[in-house]
Amino acid sequence: MKKRILAVVLCVLLASLAVVPGCGKEEKKVLKVYNWGEYIDEDLIAEFEKEYGIDVIYDTFATNEEMYPRIEADSSLYDVICPSEYMVEKMMKNGLLQEIDHTKLSNWKNIGESYLKILSDYIDPDNKYLVPYCWGTVGILYNTKLVDEEVDSWGILWDEKYAGSILMQDSVRDAFMVAQKYLGYSLNDTDQTHLEECAELLRQQYPLVKSYVIDEVRDKMIAGNTALGVIYSGEYLYCLEMNEDLAYALPKEGSNVWYDGWVITKNSKNVEEAYLWIDFLLRAENAAKNFDYITYPTPNVAAREFIDEEILNDQAVFPEDEQLKNCEMYIYLGQEAENRYYELWKTVK
Amino acid sequence: MKNKKLLSLPYLIWMIGFTVIPLILILWYGFVDSTGAFTWDNILAIFRSEHLKPLGISLALSAASTVLCLLIGYPLALILRKAHIKKSGLIIFVFILPMWMNFLLRTYAWLNLLDDGGLILNIAQALGFRGNIVGTNGAILLGMVYNYLPFMILPLHNSISAIDDNVLNAARDLGANETQVNTRVILPLSVPGIISGVTMVFVPSLTTFVISDILGGRKVLLIGNIIEQEFSTASNWNLGSGLSLILMVFILISMAILNRYDKEGSTLA
């Protein structure tokens, strides 16, 4: 999940929605929610408020980095937040979160085992802090009108045939990930010779690249003149809706798998309400409804019975475990290593 | 006397708060490492190839855009001088008009014209052009010239239109032909305008990172982009400050060169 331009607009809209005054009889229960922009079906907020009589104060952020300092300054500012997994790791380590009692979540069982396991393996042992909300992979979006071969490897991004028609991710870790996976390294590798090898590979790719993109990859691929683009899997269904020639491939060498999920802040003043919120969103039908709106894959297995068969069978959205075996999660590498990545990234362009 | 001093207080506070202190901070960050120990590394980093190359491209592109703006702007300023006062007002107005729109919007508009499906790219492709316009140095140069041209035209127009007709008539009386009037009289008299025009185009071109971000497809890094990314994505303020100081040196050098000519210009006037 990356920032979107619309998020800012939405933020303002939602902020104005959130100030609907209560009746002022007795003190009403409130819940302060901090989420990505455009990252929930807003009907669900209203339904939740109605069902539990809790006022939801809903704010949005565009990047993890924007959210973090606010919570670091005062972790009671919000009760539930939905950061990405690497930021959860940082918040965990800095004591900004509280442990989640799974017995208070009647719908915890709706989350697929395999999703919990990978999170537990990489960043959150025993899933004590993060309740997965959306997840996805990074892969190649391609235009079947311009690419008539099977796409199953990152190698196609180095194919001279597609010179000037390749969109690469502009964020350092994502760009290096492509090279690392292609060369068979871990995406959390910090070995300097390996990294230099990756940088060399990316330098070779440079002349073939049309542009380095972040969010624009969606619109550029939808426009239809570009053959290949590196993209987050969550964007795929939207792109497909706009241009049916597009297809998504998760390369066999593996990729990055990422999660966004709900956490409860250390000093939350509305912990009970926060549990109700998380449990409410974990309900199968609500998760399905939410998926319909945001189109990012949901780890909620129970929700699948409410989701279109066609989409369920689309391996781009719901890859099989076999396809995920080479995928890894980013872990925070420390400032020194991240600097080395960045220094090398500058030599690519 | 006391009152007069008091009047300058707001400006003093402004200058200290928004110029002097930030500059000191940049100096401080530029000469220390992340632990706070003194180092030359952030300054010397400019000699690494990944920084020298963007600096080179920046210098070349900003020099090119300055020359182009001058070549486009100077004849226009001459025409404006000869035009009727009403007409010249209208022409200036038309050139200034785009500046009423946000700079980012205008640059995005160019992106739409030059990118896939854009009018200009479509026409170019119909004429047999293959490849991309966005992501090339040419696209960035176009963005610079388009955005900074008014900053060249205005000072040129001001200095050229301020030349007294009698001066030109005297030159003609003394036997100068039109070319000589232009090159031996108008040109030297317009040097102050050229100087400020050149400064106002060269300096923002040298430091821009937005134009290259939008029209360069993030493929072309200018020194401005490097510095911007050090502060934002890489969160290495020390290196960012060090490189900013280097850029400031280049700006100071260019100002010093220009000022020398400016003095000559003033004495001639």
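Residues numbered from 1 in each chain as written. Chains lettered and ligands numbered in written order. Predicted model: local features only at pLDDT ≥ 70, side-chain atom pairs only at ≥ 80, totals over all residues. Heavy atoms only, no water.

## What about the overall build of chain B?
In terms of helices and strands, chain B carries 14 helices and zero strands. Listed N to C, the secondary structure of chain B is α-α-α-α-α-α-α-α-α-α-α-α-α-α in terms of helices and strands. Along the longest, intermediate and shortest principal axes, the C-alpha atoms of chain B span 70 × 70 × 35 Å. Among the 269 residues that make up chain B, the fraction classed as buried is 42%. When contacts within chain B are restricted to residue pairs at least 6 apart in sequence, long-range pairs at least 24 apart make up 71% of them. Carbon and sulfur atoms provide 71% of the accessible area of chain B, an area that totals close to 15,100 Å². Here chain B holds 17 positive side-chain charges and 14 negative ones, and the gap between their average locations is 8 Å. (Helix = DSSP H or I, 4+ residues; strand = E, 2+ residues; numbered from the N terminus. Buried < 20%, exposed > 50% of the residue type's maximum accessible area, 1.4 Å probe, protein only. Contact = heavy atoms within 4.5 Å. Areas by Shrake-Rupley, 256 points an atom, 1.4 Å probe, with all protein chains shown as cover. Lys, Arg positive; Asp, Glu negative; His and termini not counted. Charge placed at Lys NZ, Arg CZ, Asp CG, Glu CD.)

## With respect to the interface of chain B and chain A
Taken together, the contact between chain B and chain A spans 21 residues of the former and 21 residues of the latter. In total, about 1,700 Å² of surface goes out of reach between chain B and chain A, with carbon and sulfur atoms giving 40% of it. Considering only the surface of chain B that becomes buried against chain A, Asp-116, Arg-218 and Lys-219 of chain B emerge as the three largest contributors, covering 40% of it. Summed over the shared surface of chain B and chain A, the number is six salt bridges. With its nearest N and O atoms 2.3 Å apart, the salt bridge here joins Glu-343 of chain A to Arg-48 of chain B. Counting across the chain B and chain A interface gives 15 residue pairs in polar contact (both at pLDDT 80 or more). (Buried area = accessible area lost by both parts, 1.4 Å probe. Salt bridge = Lys/Arg side-chain N within 4 Å of Asp/Glu carboxyl O. Polar contact = N/O pair within 3.5 Å; in protein donor to acceptor, adjacent residues only side chain to side chain.)

## Topic: the packing of aromatic side chains
Counted by the stated rule, this structure contains 32 aromatic pairs over all chains. Ring centres 5.2 Å apart and planes at 65 degrees place the aromatic pair Phe-48 of chain A and Phe-280 of chain A in the edge-to-face group. Taken as a pair, Phe-48 of chain A in helix 2 (residues 42–52) and Phe-280 of chain A in helix 10 (residues 271–282) lie far apart in primary sequence, 232 residues in all. With respect to class, Phe-48 of chain A is no different from Phe-280 of chain A; both count as buried. Ring geometry for Tyr-29 of chain B versus Trp-237 of chain B: centroids 5.7 Å apart, planes at 65 degrees, classification edge-to-face. With a gap of 208 residues between them, Tyr-29 of chain B in helix 2 (residues 9–30) and Trp-237 of chain B in helix 14 (residues 237–268) connect regions that are remote in the sequence. A cation sits over an aromatic face here: Lys-349 of chain A above Tyr-212 of chain A, 5.1 Å from the ring centre. In this arrangement the basic side chain of Lys-219 of chain B is found over the ring face of Tyr-206 of chain A, its NZ or CZ atom lying 4.6 Å from the centre. (Phe/Tyr/Trp six-rings, centres within 6.5 Å; stacked < 30°, edge-to-face > 60°. Lys NZ or Arg CZ within 6 Å of the ring centre and 35° of its normal.)

## What about empty space enclosed by the protein?
Residues and elements named next belong to chain A. Under the defined criterion, the tally for this structure stands at two cavities of 30 Å³ or more. Of all the secondary structure elements, the ones that give two or more residues to the lining of the largest cavity are strand 4 (131–143), helix 10 and helix 11 (284–294). Here the residues of the lining of the largest cavity are counted per class, giving 14 nonpolar, three polar and no charged. (1 Å grid on protein atoms, 1.4 Å probe; cavity = no way out; pocket = protein on both sides within 12 Å on 5 of 7 lines; lining within 4 Å. Points joined across faces, edges and corners; volume = space filled by probe spheres on them. Nonpolar A, V, L, I, M, F, W, Y, C, P; charged D, E, K, R; others polar.)

## Comments concerning helix 11 (residues 191–207) of chain B
Over its 17 residues, helix 11 of chain B runs 24 Å from end to end, which matches the ideal 24 Å to within 8%, given 1.5 Å per residue. With respect to burial, helix 11 of chain B is a largely interior element, twelve of its 17 residues being buried. (Expected span 1.5 Å × (residues − 1).)

## A few points about the packing of helix 2 of chain A against helix 11 of chain A
Residues and elements named next belong to chain A. In the contact formed by helix 2 and helix 11, the axes pass within 9 Å of each other and the chain directions differ by 150 degrees. Relative to helix 11, the element helix 2 is oriented roughly antiparallel. Contacts between helix 2 and helix 11 involve Glu-42, Asp-43, Leu-44 and Glu-47 on the former and, on the latter, Asn-286, Lys-289, Asn-290 and Tyr-293. For the contact of helix 2 with helix 11, the per-class residue count stands at two nonpolar, two polar and four charged. (Axes fitted to C-alpha atoms, helices over the stretch in contact; angles between N-to-C directions. Parallel < 35°, antiparallel > 145°, perpendicular 65-115°, else oblique.)

## Observations regarding the environment of Gln-125 of chain B
Residue and element names in this part refer to chain B. Examined against the element boundaries, Gln-125 turns out to sit in helix 7 (residues 119–126). Each C-alpha atom, one on Gln-125 and one on Ile-24, is 51 Å from the other, the two residues being 101 residues apart in sequence. Not counting chain neighbours up to four residues away, the residues in contact with Gln-125 comprise Arg-130 and Gly-131.

## Quick notes on the domain arrangement of chain A
Residues and elements named next belong to chain A. Per the domain assignment, the segments of chain A are domain 1 (5–129 + 259–318) and domain 2 (137–256 + 327–348). Taking the mean C-alpha position of each, domain 1 and domain 2 sit 28 Å from one another. Listed as interface residues are 16 residues of domain 1 and, on the opposing side, 14 residues of domain 2. In total, domain 1 and domain 2 occlude about 1,300 Å² of area from one another, counting both sides; carbon and sulfur atoms represent 66% of this. (Domains from an automatic or database assignment.)

## Details of the nonpolar core
Leu-157, Phe-176, Leu-228, Trp-262 and Trp-277 of chain A are the most contacted members of the largest nonpolar core, which totals 124 residues. In this structure, Leu-121, Ile-153, Ile-186 and Val-191 of chain B belong to the second largest nonpolar core, which totals 43 residues. (Core = buried A, V, L, I, M, F, W, Y, C linked by side-chain atoms within 4.5 Å.)

## Focus: the environment of Asp-74 of chain A
Residues and elements named next belong to chain A. With respect to the secondary-structure elements, Asp-74 resides in the loop between helix 3 (64–73) and strand 3 (80–81). The exposure class assigned to Asp-74 is partly exposed, which follows from its relative accessible area of 33%. Residues Asp-74 and His-102, spaced 28 residues apart in sequence, show a C-alpha to C-alpha distance of 25 Å. There is a polar contact of 2.7 Å between the side chain of Asp-74 and the side chain of Ser-76.

## Let's talk about a negative patch on the surface
Residue and element names in this part refer to chain A. Judged by side-chain charge, Asp-292, Asp-308, Glu-309 and Glu-310 come together as a negatively charged surface patch. Take Glu-310: it is sitting in helix 12 (residues 309–312). Classification of Glu-310 as exposed rests on a relative accessible area of 70%. (Patch = residues over 30% accessible without salt bridge, like charges linked within 9 Å, V, L, I, M, F, W, Y side chains within 5 Å.)

## Examining the confidence of the model for chain B
Caution applies to low-pLDDT regions: their predicted coordinates should not be interpreted in detail. Here chain B averages 90 in pLDDT, and 96% of its residues register 70 or above. In the predicted assembly, ipTM is 0.79 and pTM is 0.79. (pLDDT = per-residue confidence, 0-100.)

## A look at the pattern of salt bridges
All names here are of chain A. Under the counting rule described, the total for this entry stands at 27 salt bridges over all chains. Residue Glu-51 pairs with Arg-283 through a salt bridge whose shortest N-O separation is 2.7 Å. Of this pair, Glu-51 sits in helix 2 while Arg-283 sits in the loop between helix 10 and helix 11, and the two are 232 residues apart along the sequence. Judged by relative accessible area, which is 44%, Glu-51 ranks as partly exposed. With a closest N to O distance of 3.6 Å, Lys-104 and Glu-272 form a salt bridge. Highlighted residues: Lys-104 in the loop between helix 4 (85–93) and helix 5 (113–122) and Glu-272 in helix 10, separated in sequence by 168 residues. When its relative accessible area of 40% is taken as the criterion, Lys-104 is described as partly exposed.

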